[in-house]
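Architecture at a glance
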Amino acid sequence: MRPTATPLLLATLLTATALSACGSGSGSSPDTVRISFKQSTDNSIRVMDTYLGQMKKEFEKANPGKKVELVPIKAPDSEYYTKLQQMLRSPKTAPDLVYEDTFLINSDITSGYLKPLDAYLDKWPDWDQFIDTAKSAAKAQDGKTYGVPDGTDTRGLWFDKGVFQKAGLPADWQPKSWDEVLSAARTIKRKVPGVVPLNVYTGKPAGEAATMQGFEMLLYGTGDGKTDPMYDAGSKKWITGSQAFKDALTFVETVYKEKLGPDVSDALDPNYGTTVRGELLPKGKIGINLDGSWLPQDWQQGAGHEWPEWSQKLGLAYMPTQHGQAPGKVSMSGGWTWAIPSKAGNPDLAFKFVETMQTKANAQKWYIANSGIAVRKDVASDPAYVQAQPGIKFFTDLVASTHYRPAYPAYPKVSTAVQEAMEGVTTGDSSVDKAASGYDEELKTATDGQVVRK
Amino acid sequence: MSVGTRAAPATPVAATAVSSRRPGRARLLARGLPVVPAVVLLLLFLAGPIVYCAYIAFTDLQLTGQAHSSFVGFDNFRAAFKDEAFLNAVWLTLVFTVLSSLVGQNTLGLTLAALMQRASKPVRTLVGGIVITAWVLPEVVAGFLLYAFFRREGTLNAILDWLHLPTQNWLFTLPILAVSFANVWRGTAFSMLVYSAALNEIPKEITEAAEVDGAGGWRRMWHITLPMIRRSIGTNLMLNTLQTLSVFGLIWVMTRGGPGNRSQTLPLFMYEQAFQKSMIGYGTAVALLLLVVGALFSVVYMRLLRTEV
């Protein structure tokens, strides 16, 4: 061989590989349905993996010759969305079925990433079992539905009864206003050293958890509880300069300024949520935790941080409105849906898989496994579901006084702006006024000037 | 026979004619052919994305929430220079680069290389081994190690506590300094290797002659060593700077650009705009501006290199 032959051969080979890699696409065969979902960043939590594994088995057994390929995306929330959106852009990478947060679904619908499901839903008898609010969770402005919800969630205050006892606070604690929440936290700080008195998620690292579990649980507790404090539906504009916004920020500022919350560097650790659920709460290191209904999924058998006695150790209280004004309590709801990408290769098969997951029995299994709140009437009224876990009744009852986010396409950017404002007051870098006006500025950019001063 | 004799000279004539007409081109082709796949690959995978990037920077393309993107001219760039967070990121990038690359890696690398010239073999092997280990570690692993070093319950504070010195949360109070230090820790090996090679190139006679003439260590360093390795200094600075400008994983793991925006250098700012806020167009424009910053540094170094030794 001449000396040039080897590099030449190598280069040709490389080119060939590269080109064939470009052209081969996802390799999805008409008999394989590829499913993307969010895998927990905590290796010991495999609730969804286990559930989907069972569904895969059931589906493949019922549909001989068909295969299910699970494509987990292991990432924190915000990175999951990014990865998913990149996959959805191209028919080569788009899976057949994706797990979409209602937080982002409208934005992805606007981008043309998802396929309307009405044709399937019309022919699907089970769809009538879904409650109306859930049906609208994935309904776009064009009136079409783009996702099948697999449950919803609500939010409230989890508190440690042991810590409360040491602090001399009641075991059946139920604060009636923000001040009562703060004063309980101050008492804990004084009397029980070494625990975080009150955890409120904050800042950009926490992502949507900061916005929804943290800020909006406060914001939607201001005012009369009926008008949306973020988005003015009448004028279809986002609200700037509101006192409610500043009040909610002041609450966050108070928590971190008075050191009632976690150490700021912990609070701004992107994996803090995992630490809270997996370590701090089970070890009795948090007094009060403003968090979601899904926490027990981490504490179930086989979930990695088994903690069956949580229901004796933790108490539940609803989040009160600012001054205790009607309706007294506040909750936010979201949830996830199964959606079919517009560039999916096997949409029919994908919907068939949704049908498998959403038989009454399987849906119920899933709600219980992931501590979800049922959106199917037949499951919600089933005593087996209500009694399956302590806390389910508490959180299901909150559905009556819950709020949904204005999840329009600009929402993800608005949410980031909220997190930035929160982070500013959390670190003490900015005053409430400065952070709020920063939000107003960001809001204008994020929504193309669709703002109204209130 | 006659046919044969007539035909016989024809071949060499034709051959010489061909060879006299095409020797250059044929050889050029023979030589160029092996390069073709490489060029194609470069165009496809290097130039292609860069051109595409440059195009996207002039559009308002978003990752989600938008049906169609459109051409917006220089809007993204104008927006960047009006954006406080961008200017903050530029400033932090300069601080990070000057601290960790110019001052840290470069000086420390040279010092280590100079000291190791004189060290005994075991010392050389040991020090070299440690420094290079830091360099071989993947960026993210190094990030986690230094995160563990600097965090509130981390090693550094444990040491300070043991010495009865005041401790603090370094990643919170001095994030840009902490990540700069991390980059020095990680990247010094490269400078050290470059300078070791350069120092070995200096003929022994010159140093010995200077020594005989009575020049001390500092004088030898200043008047002989540094001028003689000037070219290596330039190359090293340039490579170091470009590498440091694009550091992402290290800072991402240690601070995510926080708290607030206090360690958000340009690559992190770019990531936030493009992938967390979905503004691919704007993020790409920032990426191009980062390229410009790199080019500016390079030009400065090249000018330094050109001045006569």
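Calculation rules
- Residues numbered from 1 in each chain as written.
- Chains lettered and ligands numbered in written order.
- Predicted model: local features only at pLDDT ≥ 70, side-chain atom pairs only at ≥ 80, totals over all residues.
- Heavy atoms only, no water.
- Helix = DSSP H or I, 4+ residues; strand = E, 2+ residues; numbered from the N terminus.
- Rg over C-alpha atoms; globule rule 2.2 N^0.38 Å.
- Buried < 20%, exposed > 50% of the residue type's maximum accessible area, 1.4 Å probe, protein only.
- Contact = heavy atoms within 4.5 Å.
- Areas by Shrake-Rupley, 256 points an atom, 1.4 Å probe, with all protein chains shown as cover.
- Lys, Arg positive; Asp, Glu negative; His and termini not counted.
- Charge placed at Lys NZ, Arg CZ, Asp CG, Glu CD.
- Pairing = 2+ DSSP bridges.
- Polar contact = N/O pair within 3.5 Å; in protein donor to acceptor, adjacent residues only side chain to side chain.
- Buried area = accessible area lost by both parts, 1.4 Å probe.
- Salt bridge = Lys/Arg side-chain N within 4 Å of Asp/Glu carboxyl O.
- Phe/Tyr/Trp six-rings, centres within 6.5 Å; stacked < 30°, edge-to-face > 60°.

**Some words on the overall build of chain B**
Helices and strands together make up the secondary structure of chain B, namely 16 helices and zero strands. The C-alpha radius of gyration computed for chain B amounts to 28 Å, which surpasses the reference 19 Å derived for 309 residues by more than 25%, pointing to a less compact arrangement than a globule. Along the first, second and third principal axes, the C-alpha set of chain B runs to 110 × 75 × 35 Å. Out of the 309 residues in chain B, the part that is buried amounts to 40%. The long-range fraction of contacts in chain B, counting pairs at least 24 apart against all pairs at least 6 apart in sequence, stands at 72%. For chain B, the computed accessible surface area is about 17,700 Å², with 70% contributed by carbon and sulfur atoms. Positive and negative charge centroids in chain B, built from 24 and 14 side chains respectively, lie 13 Å apart.

**What to know about the side chain of A:T356**
Residues and elements named next belong to chain A. Within the element layout of this structure, T356 appears in helix α15 (residues 347–357). For T356, a relative accessible area of 15% puts it in the buried group. Aside from chain neighbours lying at most four places away, what touches T356 is M55, E58, F59 and N362.

**Notes on the pairing of strand β12 (residues 329–333) of chain A**
All names here are of chain A. Burial within β12 is extensive, with four of its five residues counted as buried. As judged from the two bridges shared by strand β11 (residues 319–320) and β12, these two strands associate in the antiparallel manner. Along β12, the bridge assignment pairs P320 with K329.

**A word on the environment of A:S90**
Residue and element names in this part refer to chain A. Along the chain, S90 falls in the loop between α3 (77–88) and β3 (97–101). Under the relative-accessibility criterion, S90 is labelled partly exposed at 23%. A C-alpha to C-alpha distance of 9.3 Å links S90 and Y113, two positions 23 residues apart in sequence. Reaching out from S90, the side chain makes a polar contact with the backbone nitrogen of K92 at a distance of 3.0 Å.

**Points about the interface of chain B and chain A**
Size of an interface, as often reported, equals the accessible area lost when the parts are brought together. Contacts between the two partners involve 32 residues from chain B and, on the opposite side, 35 residues from chain A. The junction of chain B with chain A conceals about 2,700 Å² of combined surface from both sides, 53% of it contributed by carbon and sulfur atoms. For chain B, the biggest contributors to the area lost against chain A are B:L63, B:R256 and B:K277; these three give 21% of the whole. If you look at where chain B meets chain A, you find five salt bridges. A:K204 is the salt-bridge partner of B:E272, the closest N and O atoms lying 2.5 Å from each other. Taken together, the links from chain B to chain A amount to 14 residue pairs in polar contact (both at pLDDT 80 or more).

**A short note on the sheet that holds β12(A)**
The sheet built from three strands is open, its strands ordered β11-β12-β14 (chain A) with mixed pairing. Unpaired on one side and paired on the other, β11 and β14 (402–404) of chain A mark the two borders of the sheet.

**Some words on the packing of aromatic side chains**
Residues and elements named next belong to chain B. Enumeration according to the criterion identifies 45 aromatic pairs over all chains in this entry. Relative to F269, the ring of F86 has its centre 6.0 Å away and its plane inclined at 55°; by these criteria the two rings are tilted. With F86 in helix α5 (residues 84–118) and F269 in helix α15 (residues 266–276), the pair connects residues that are 183 residues apart, well separated along the chain. For F86, a relative accessible area of 2% gives the class buried. Residue classification places F269 among the buried residues on the basis of a relative accessible area of 0%.

**Description of the pattern of salt bridges**
Side chains bearing opposite charge may pair, as long as their charged atoms lie close to each other. What the rule picks out here adds up to 24 salt bridges over all chains. With its nearest N and O atoms 2.7 Å apart, the salt bridge here joins A:R186 to A:E258. Of this pair, A:R186 sits in helix α8 (residues 178–191) while A:E258 sits in the loop between α11 (243–257) and α12 (264–267), and the two are 72 residues apart along the sequence. Taking the relative accessible area as the measure of exposure, A:R186 reaches 30% and is therefore partly exposed. What makes A:E258 partly exposed here is its relative accessible area of 31%. With its nearest N and O atoms 3.2 Å apart, the salt bridge here joins A:E442 to B:K277. Here B:K277 lies in the loop between α15 and α16 (280–306) and A:E442 lies in helix α21 (residues 432–446), a pairing that spans two chains. Relative accessible area serves as the criterion here: at 27%, A:E442 is assigned to the partly exposed category. Through salt bridges that share partners, A:K204, A:E420, A:E442, B:E272 and B:K277 make up one connected network.

**What to know about unusual backbone geometry**
In the segment running from A:A326 into A:P327, the intervening peptide bond is cis, with an omega of 0°. Mapping A:P327 onto the fold places it in the loop between β11 and β12. In this structure, B:H164 is a non-glycine residue whose phi angle is positive, near 60°. Mapped onto the secondary structure, B:H164 falls in the loop between α8 (155–162) and α9 (170–173). The backbone of B:S278 shows a phi angle near 65°, a positive value even though the residue is not glycine. One can find B:S278 in the loop between α15 and α16.

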